[in-house]
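Architecture at a glance
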Amino acid sequence: MNRVMELGFTASRSMGERVRINTGINYTFGKVSYISNSPPCVNCLIGYDHNPNFRMVSVPLFGEIALGKVFYAGAGPLVDFQLSEKNNFTRQSGLGYLVGLEARASAGNFVFSLFSNYKRHGVAPFVRSMSQKFIFQELGMQMGVGYRF
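Let me sum up the structure you'll find in this document. Every chain begins its residue count from 1, and numbering advances along the sequence as written. Predicted model: local features are reported for residues with pLDDT of at least 70 only, side-chain atom pairs are reported and counted for 80 or more only, and whole-chain, interface and lining totals are derived from all residues. Computation of side-chain values: all heavy atoms of the structure, hydrogens and water removed.

Pairing between side chains of opposite charge can happen when their charged atoms approach one another. Within this document, salt bridges are pairs made up of a side-chain nitrogen of Lys or Arg and a carboxyl oxygen of Asp or Glu, the two lying within 4 Å of each other. Counted under the stated rule, the structure contains 4 salt bridges. Residues E6 and K119 are paired through a salt bridge, measuring 2.8 Å at the closest nitrogen-oxygen approach. Taken together, the positions of E6 in strand β1 (residues 2-14) and K119 in strand β6 (residues 110-125) put the pair 113 residues apart, joining distant regions of the chain. Note on exposure labels: buried denotes an accessible area under 20% of the residue type's maximum, exposed denotes more than 50%, and partly exposed covers the range between, all computed with a 1.4 Å probe on protein chains only. Here E6 falls in the partly exposed class, since its relative accessible area comes to 21%. The closest approach of N and O atoms between E64 and R20, which form a salt bridge, is 3.9 Å. Of the two residues, E64 is situated in strand β3 (residues 53-66) and R20 in strand β2 (residues 19-31); the sequence distance between them amounts to 44 residues. Here a helix means four or more residues in a row that DSSP labels H or I, a strand means two or more in a row labelled E, and each is numbered from the N terminus.

Structure follows, in structure tokens:
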């Protein structure tokens, strides 16, 4: 995967002073490149039937616990829906998970955050494949600006 980007929206609900539940929707997109060991496609102009554009929608549901006034640890499941077709690796639609560490600062009703996280998509696929499974994994940094109502 090259040039992977993610855009999204997150809603949070406090469950006391130290615990928070988060959900939202994320749109992930990027470029898929690979070198195949199989013979080229006979009917294809470029040698392989390959769609390089990867697109996926994820719905996270994760909990956070405060580790002081600034840092938070979070973890929970993801529900993934791969939108792109024919990327020459197995479908990523299914259940996955995320774990991460967040730093958060407030200014009035505005909240600024940096969330470093690890995501593993399609761990439990919606459709089982008999072939070898490629699992899309991300190690990333999400930056956010929020408003507290």
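Another point: the environment of F134. For F134, the position within the fold is in the loop between β6 and β7 (137-147). On the basis of relative accessible area, F134 is assigned to the partly exposed category, the value being 38%. Residues F134 and G122, spaced 12 residues apart in sequence, show a C-alpha to C-alpha distance of 9.0 Å.

Let us now look at a nonpolar patch on the surface. Distance thresholds for patches are 9 Å for like charges and 5 Å for nonpolar side chains (Val, Leu, Ile, Met, Phe, Trp, Tyr), applied to residues having over 30% relative accessible area and no salt bridge. Accessibility throughout is a Shrake-Rupley quantity obtained with a 1.4 Å probe, and a residue counts as covered only by protein chains that appear here. Residues M15, V19, I21, L61, I65, L67, V70, F71 and L101 make up a contiguous nonpolar surface patch of about 770 Å² in total accessible area. For the nonpolar patch, the secondary structure elements donating two or more residues are β2 and β3. Here L61 shows up in strand β3.

A separate point is the pairing of β1. Paired strands, as defined in this entry, are two strands with at least two bridges between them according to DSSP. Relative to β2, β1 runs antiparallel, the two being bridged by 11 bridges. Paired with A11 across the two strands is T23, which belongs to β2. In textbook terms, the turn of a hairpin is the stretch between consecutive antiparallel strands, and for β1 and β2 this stretch comprises 4 residues, one of which, G16, has a positive phi near 115°.

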